[in-house]
Amino acid sequence: SSGINAEYGEAVKLFEEAVSAGVFTSIYQRAGSLTAGLRAEPVWTDLDLAVLEFTQQEREEVVQAVIFKGLFGEMEGGNTKEGVWGYFGLHEKGKWLTDECKAVPQICKKLKAAGYGTVIEKTYISLLYPSSSTFPHCAAHNEILHLIIPLSGTTNLRIADKNLVLSEEPVVIDPSFDKEFSNEGSEASVILVVSLPHPDL
């Protein structure tokens, strides 16, 4: 682990130099491709978004359909550090996934009615089993934001230098910032991740 820590330290130094040179806006924004001129905030609080509210029954529907029926697959990218990090796609490449939406019809119906699903990027349900966590990771570019809506359990999110506890209130993040998720609770944690176009585009 000392070798990994040394490499991480070297990487941080490179990002610090890049920030000083004006190449990056933050040492934590580490996307492979950055579109210039876009505001860069790890957590956004001033957006006017369509409100999404899910009943307890609708939230339970997700847990029953996705977890208990085992419909989820492993999250892509090999970023699972320990335990199980599951993925259940609802919208990809500009299209709603018909079969997947049949498993959670009310969730997809409300997303569509609110006008979400307008970008090519994915909208999906993510779950972490107890004692599960991810490696630090970031999106490939900075042209989207993620609206994260907790559906069940408690998810811990470290993004940039901020630590968030996701249990009830939705949050909007810029996924191009370095982040990691974990579940330190006794039950599976489930979140809905909705991709949004960056407001500066």
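Bear in mind that the values here come from a model prediction, so they are computed numbers and not experimental data.

Would you explain unusual backbone geometry in this entry?
Most peptide bonds take the trans configuration, and most residues that are not glycine carry a negative phi. Notably, Ser-131 is not glycine yet its phi reads approximately 60 degrees, a positive angle. Relative to the assigned elements, Ser-131 resides in the loop between strand 6 (123-128) and strand 7 (132-134). Positive phi outside glycine occurs at Ala-160, with the angle close to 55 degrees. Residue placement: Ala-160 occurs in the loop between strand 9 (155-159) and strand 10 (162-166). By relative accessible area, which is 4% here, Ala-160 ends up buried.

I'm lost on the nonpolar core in this one. Help?
For soluble globular proteins, nonpolar side chains are generally found buried alongside one another. Counting residues in hydrophobic clusters, the biggest one holds 29 residues, and the most contacted among them are Val-66, Leu-90, Val-104, Ile-125 and Leu-192. Contributions of two or more residues to this core are made by helix 2 (56-68), strand 4 (85-92), helix 4 (105-113), strand 6, strand 8 (144-152) and strand 13 (189-197). The dominant element in this core, judged by the number of residues it contributes, is helix 2, at five residues. Ranked by size, the runner-up nonpolar core spans 17 residues in total, among them Tyr-87, Tyr-124, Ala-160 and Val-171.

Sorry if this is basic, but what is going on with the pattern of salt bridges here?
Any two side chains of opposite charge can pair, on the condition that their charged atoms come close. Evaluated as defined, the whole model comprises five salt bridges. For Arg-39, the salt bridge is made with Asp-200, and the minimal N-O distance between the two is 2.9 Å. Pair noted here: Arg-39 is in the loop between helix 1 (2-20) and strand 1 (43-44) and Asp-200 is in the segment after strand 13, with a separation of 161 residues, a long-range link. When its relative accessible area of 30% is taken as the criterion, Asp-200 is described as partly exposed.

Rules used throughout
- Counting restarts for each chain: residues are numbered from 1 in the order of the written sequence.
- Whole-chain, interface and lining totals are the exception, using all residues; otherwise, since this is a predicted model, local features are given only for residues with pLDDT of at least 70 and side-chain atom pairs are given and counted only at 80 or more.
- The basis for every side-chain value is the complete set of non-hydrogen atoms in the structure, without hydrogens or water.
- Strands here are runs of E lasting at least two residues and helices are runs of H or I lasting at least four, both read from the DSSP assignment and numbered beginning at the N terminus.
- Only protein chains enter the accessibility calculation, which uses a 1.4 Å probe. A residue is then buried if its area is under 20% of the maximum for its type, exposed if over 50%, and partly exposed in between.
- Here, nonpolar core means buried Ala, Val, Leu, Ile, Met, Phe, Trp, Tyr and Cys residues that are tied together by side-chain atoms lying within 4.5 Å of each other.
- Salt bridges are identified by distance alone: a Lys or Arg side-chain nitrogen within 4 Å of an Asp or Glu carboxyl oxygen.

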